[in-house]
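Chain by chain, the residues:
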Amino acid sequence: MATKSKSAESLTLPILEGETPWTTAEVIDLRARLEAEVAQLRVDLAEVEEELADRMVEGPDGAGKDPADVGASNFERDQELSVATNVRVVLDQAEVALARFNAGNYGVCESCGKPIGKRRLMAFPRATLCLSCKQREERR
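Not measured: the values here are computed from a predicted model. (Residues numbered from 1 in each chain as written. Predicted model: local features only at pLDDT ≥ 70, side-chain atom pairs only at ≥ 80, totals over all residues. Heavy atoms only, no water.)

## Points about the overall build of the protein chain
For step 1, the next point in the chain: Within the protein chain, the regular secondary structure consists of four helices and zero strands.
For step 2, the next point in the chain: Moving toward the C terminus, one meets the helices and strands of the protein chain in the order α-α-α-α.
For step 3, the next point in the chain: Looking at the 140 residues of the protein chain, the share that counts as buried comes to 30%.
For step 4, the next point in the chain: Residue pairs in contact within the protein chain that sit at least 24 positions apart in sequence constitute 59% of those at least 6 positions apart.
For step 5, the next point in the chain: When the accessible area of the protein chain is evaluated, it comes to approximately 9000 Å², of which 53% is carbon and sulfur surface. (Helix = DSSP H or I, 4+ residues; strand = E, 2+ residues; numbered from the N terminus. Buried < 20%, exposed > 50% of the residue type's maximum accessible area, 1.4 Å probe, protein only. Contact = heavy atoms within 4.5 Å. Areas by Shrake-Rupley, 256 points an atom, 1.4 Å probe, with all protein chains shown as cover.)

Quick look at the structure:
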């Protein structure tokens, strides 16, 4: 079943008191940035997962290998795992933000329901929490 998405041209994003309203060009640019980020992150994730798969095929055991080589190989594999995890997290954030954009509730805090703020979204388009809720979350 196809979901309806609002076009960037018809979407009005919420703002905080004192902020200037979003222009159509800003909304279109913001959506394009999110779409480009999602596309790039998918490419990055595929590359990282391919490199990780190659490292897994090599195997960790070092029968006949120098212990330093085994250690270096294990370190590189752990680094690739960490990078893959980080890329997945950022990709998930970007996909959630884009889904919220398409659903028409982008720019509204997931926690309190208040506007996230134009400046915050322009600086960090993946934001789903207003600054107050994000600060509260980080204190926990």
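## Describing the packing of aromatic side chains
For step 1, the next point in the chain: Taken as a whole and judged by the stated rule, the model has one aromatic pair.
For step 2, the next point in the chain: Aromatic pair Phe101 and Tyr106: ring centres 4.9 Å apart, planes at 40 degrees, arrangement tilted.
For step 3, the next point in the chain: The ring of Trp22 carries the charged tip of Lys118 above its face, separated from the ring centre by 5.5 Å. (Phe/Tyr/Trp six-rings, centres within 6.5 Å; stacked < 30°, edge-to-face > 60°. Lys NZ or Arg CZ within 6 Å of the ring centre and 35° of its normal.)

## What to know about the nonpolar core
For step 1, the next point in the chain: Within the largest apolar cluster, 23 residues are counted, with the highest numbers of intra-cluster contacts made by Leu13, Leu30, Phe101, Tyr106 and Leu121.
For step 2, the next point in the chain: Setting aside residues up to four positions removed in sequence, Leu13 forms contacts with Trp22, Val27, Leu30 and Tyr106. (Core = buried A, V, L, I, M, F, W, Y, C linked by side-chain atoms within 4.5 Å.)

## Notes on a positive patch on the surface
For step 1, the next point in the chain: Residues Lys114, Arg136, Arg139 and Arg140 make up a contiguous surface patch of positive charge.
For step 2, the next point in the chain: By the secondary structure assignment, Arg140 is in the segment after helix 4 (131-139). (Patch = residues over 30% accessible without salt bridge, like charges linked within 9 Å, V, L, I, M, F, W, Y side chains within 5 Å. Salt bridge = Lys/Arg side-chain N within 4 Å of Asp/Glu carboxyl O. Lys, Arg positive; Asp, Glu negative; His and termini not counted. Charge placed at Lys NZ, Arg CZ, Asp CG, Glu CD.)

## Description of the confidence of the model for the protein chain
For step 1, the next point in the chain: Overall, the predicted model of the protein chain reaches an average pLDDT of 86, with 84% of residues at or above 70.
For step 2, the next point in the chain: No element of the protein chain has a lower mean pLDDT than helix 2 (residues 67-103), at 87, and none a higher one than helix 3 (residues 118-123), at 95. (pLDDT = per-residue confidence, 0-100.)

## Notes on the side chain of Glu19
For step 1, the next point in the chain: Inspection of the secondary structure puts Glu19 in the segment before helix 1 (24-58).
For step 2, the next point in the chain: Under the relative-accessibility criterion, Glu19 is labelled buried at 13%.
For step 3, the next point in the chain: A polar side-chain atom of Glu19 sits 2.7 Å from the main-chain amide nitrogen of Leu16.
For step 4, the next point in the chain: Only 2.9 Å separates the side chain of Glu19 from the backbone nitrogen of Lys118, close enough to count as a polar contact.
For step 5, the next point in the chain: Residues contacting Glu19, with those up to four places away along its chain left out, are Gly117, Lys118 and Arg119. (Polar contact = N/O pair within 3.5 Å; in protein donor to acceptor, adjacent residues only side chain to side chain.)

## A closer look at the pattern of salt bridges
For step 1, the next point in the chain: Using the criterion set out here, one finds nine salt bridges in the structure.
For step 2, the next point in the chain: The partner of Glu49 in a salt bridge is Arg88, and the shortest N-O contact between them spans 2.9 Å. With Glu49 in helix 1 and Arg88 in helix 2, the pair connects residues that are 39 residues apart, well separated along the chain.
For step 3, the next point in the chain: The exposure class assigned to Arg88 is partly exposed, which follows from its relative accessible area of 33%.
For step 4, the next point in the chain: Between Glu138 and Lys134 there is a salt bridge, and its shortest N-O distance comes to 3.9 Å.

## Structural notes on a negative patch on the surface
For step 1, the next point in the chain: A cluster of like negative charges, contributed by Glu47, Glu50, Glu51 and Asp54, occupies part of the molecular surface.
For step 2, the next point in the chain: Its location among the elements puts Glu47 in helix 1.
For step 3, the next point in the chain: For Glu47, a relative accessible area of 44% puts it in the partly exposed group.

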